[in-house]
Amino acid sequence: MASTAKIRVKLKGYDSVVVDKSARSIIETAISTGAKVAGPIPMPTRKRKIAVNRSPFIYKSSIEHFEINTHKRVIDIIDPTPKTIDALQHLQMPAGVGVEIQ
């Protein structure tokens, strides 16, 4: 049994549309260089809720609520060629998307 080479790309961002567009560009790049792709696999969205006082003195009981959603996607690139690795390293990602390659 020969082990197949695999690259795992993890994407994180606050805007799901931008994360999906960057995932699509990674997939198109990998397929055009001759690699197989599994994904994007949507991971659970992390919802962070924050409560902030509107005023520190008179209206102290009035609280404003905010929510920050962190969207995550995982893409597996199976049997990457050296051309695939080079293309992924030089790929331009939009601002607000964190990319981790393993």
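Here is what the cut-offs are and how they apply
- Residues numbered from 1 in each chain as written.
- Predicted model: local features only at pLDDT ≥ 70, side-chain atom pairs only at ≥ 80, totals over all residues.
- Heavy atoms only, no water.
- Buried < 20%, exposed > 50% of the residue type's maximum accessible area, 1.4 Å probe, protein only.
- Helix = DSSP H or I, 4+ residues; strand = E, 2+ residues; numbered from the N terminus.
- Pairing = 2+ DSSP bridges.
- Contact = heavy atoms within 4.5 Å.
- Axes fitted to C-alpha atoms, helices over the stretch in contact; angles between N-to-C directions.

Q: Outline the pairing of strand β1 (residues 6-13), supporting the account with residue identities and numerical values.
A: A one-sided burial pattern is seen for β1, the buried positions being I7, V9, L11 and G13 and the unburied ones K6, R8, K10 and K12. Looking at chain direction, β1 and strand β3 (residues 63-78) are connected through eight bridges and run antiparallel. Opposite G13, over in β3, you have H71 as the bridge partner. One ladder, built from five bridges, connects β1 with strand β4 (residues 97-101); its direction is antiparallel.

Q: Give a detailed account of the environment of P82, specifying residues and quantitative values.
A: Its location among the elements puts P82 in helix α2 (residues 82-89). Overall, the relative accessible area of 70% leaves P82 in the exposed class. It is 9.1 Å that separates the C-alpha atoms of P82 and T33, two residues lying 49 residues apart in sequence.

Q: Go over the side chain of T70 with me, naming the residues and quoting the values.
A: Its place among the elements puts T70 in strand β3. The class for T70 is buried, based on a relative accessible area of 15%. When neighbours within four sequence positions are excluded, T70 is seen to be in contact with G13, Y14, P44, T45 and R46.

Q: Could you give an account of the sheet that holds β3, with specific residues and numbers?
A: The four strands lie next to each other as β2-β3-β1-β4, forming an open sheet whose pairing is antiparallel. This sheet does not close on itself; its edge strands, each paired only once, are β2 (36-53) and β4. Averaged over all pairs of adjacent strands, the angle between their axes in this sheet comes to 15°, without regard to strand direction. Bridge analysis of β2 against β3 gives 14 bridges, and the strand direction is antiparallel. Within the sheet, the bridge partner assigned to I50 lies in β3 and is F66. The strands that helix α1 (residues 16-32) touches are β1, β2, β3 and β4; relative to β3, the one it contacts most, it runs at about 10°.

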